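Structural overview for review
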Amino acid sequence: MSIWRVILSIVFPPLAVIDKGCGSFLIVLLLTFLGWVPGVIAALVILNNPER
């Protein structure tokens, strides 16, 4: 996980996970609409997952 991805996930979380798949993007987008903090947390969790 690069520092640019972390910064992008804090500024606009859906853009940080756009290459992780459509499902991840939609989940983070929905959580960002519900609240900015859940979107950031979900994006950081998805980016920190070593299996993906």
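Here, every reference points to the structure presented above.
Here's what I pulled together on the structure shown here. (Residues numbered from 1 in each chain as written. Predicted model: local features only at pLDDT ≥ 70, side-chain atom pairs only at ≥ 80, totals over all residues. Heavy atoms only, no water.)

**Considerations on the overall build of the protein chain**
Of regular secondary structure, the protein chain possesses 4 helices and 0 strands. Each helix and strand of the protein chain, ordered N terminal to C terminal, gives the series α-α-α-α. For 52 residues, the compact-globule estimate of 2.2 N^0.38 gives 10 Å, and the protein chain sits close to it at 10 Å. Along the first, second and third principal axes, the C-alpha set of the protein chain runs to 25 × 20 × 15 Å. Counting every position in the protein chain, which comprises 52 residues, the buried fraction comes to 29%. (Helix = DSSP H or I, 4+ residues; strand = E, 2+ residues; numbered from the N terminus. Rg over C-alpha atoms; globule rule 2.2 N^0.38 Å. Buried < 20%, exposed > 50% of the residue type's maximum accessible area, 1.4 Å probe, protein only.)

**Some details on the environment of proline 38**
For proline 38, the location among the structural elements is in helix 4 (residues 36-48). As a C-alpha pair, proline 38 and valine 28 span 10 residues in sequence and 8.1 Å in three-dimensional space.

**Observations concerning the nonpolar core**
Core analysis: the largest hydrophobic core is formed by 7 residues, namely Ala16, Val17, Val28, Ala42, Ala43, Ile46 and Leu47. Here the element with the most residues in this core is helix 4; it accounts for 4 residues. Contact partners of valine 28, with chain neighbours within four places excluded, come to Pro13, Pro14, Val17, Gly39, Ala42, Ala43 and Ile46. (Core = buried A, V, L, I, M, F, W, Y, C linked by side-chain atoms within 4.5 Å. Contact = heavy atoms within 4.5 Å.)

**Things to note about the environment of serine 9**
Structurally, the position occupied by serine 9 is in helix 1 (residues 3-11). With a relative accessible area of 0%, serine 9 lands in the buried category. In this structure the C-alpha to C-alpha distance between serine 9 and alanine 43, which are 34 residues apart in sequence, comes to 6.0 Å. Each residue touching serine 9, except ones within four places of it in the same chain, is listed here: Ala16, Val40, Ala43, Leu44 and Leu47. Only 2.7 Å separates the side chain of serine 9 from the backbone oxygen of valine 6, close enough to count as a polar contact. (Polar contact = N/O pair within 3.5 Å; in protein donor to acceptor, adjacent residues only side chain to side chain.)

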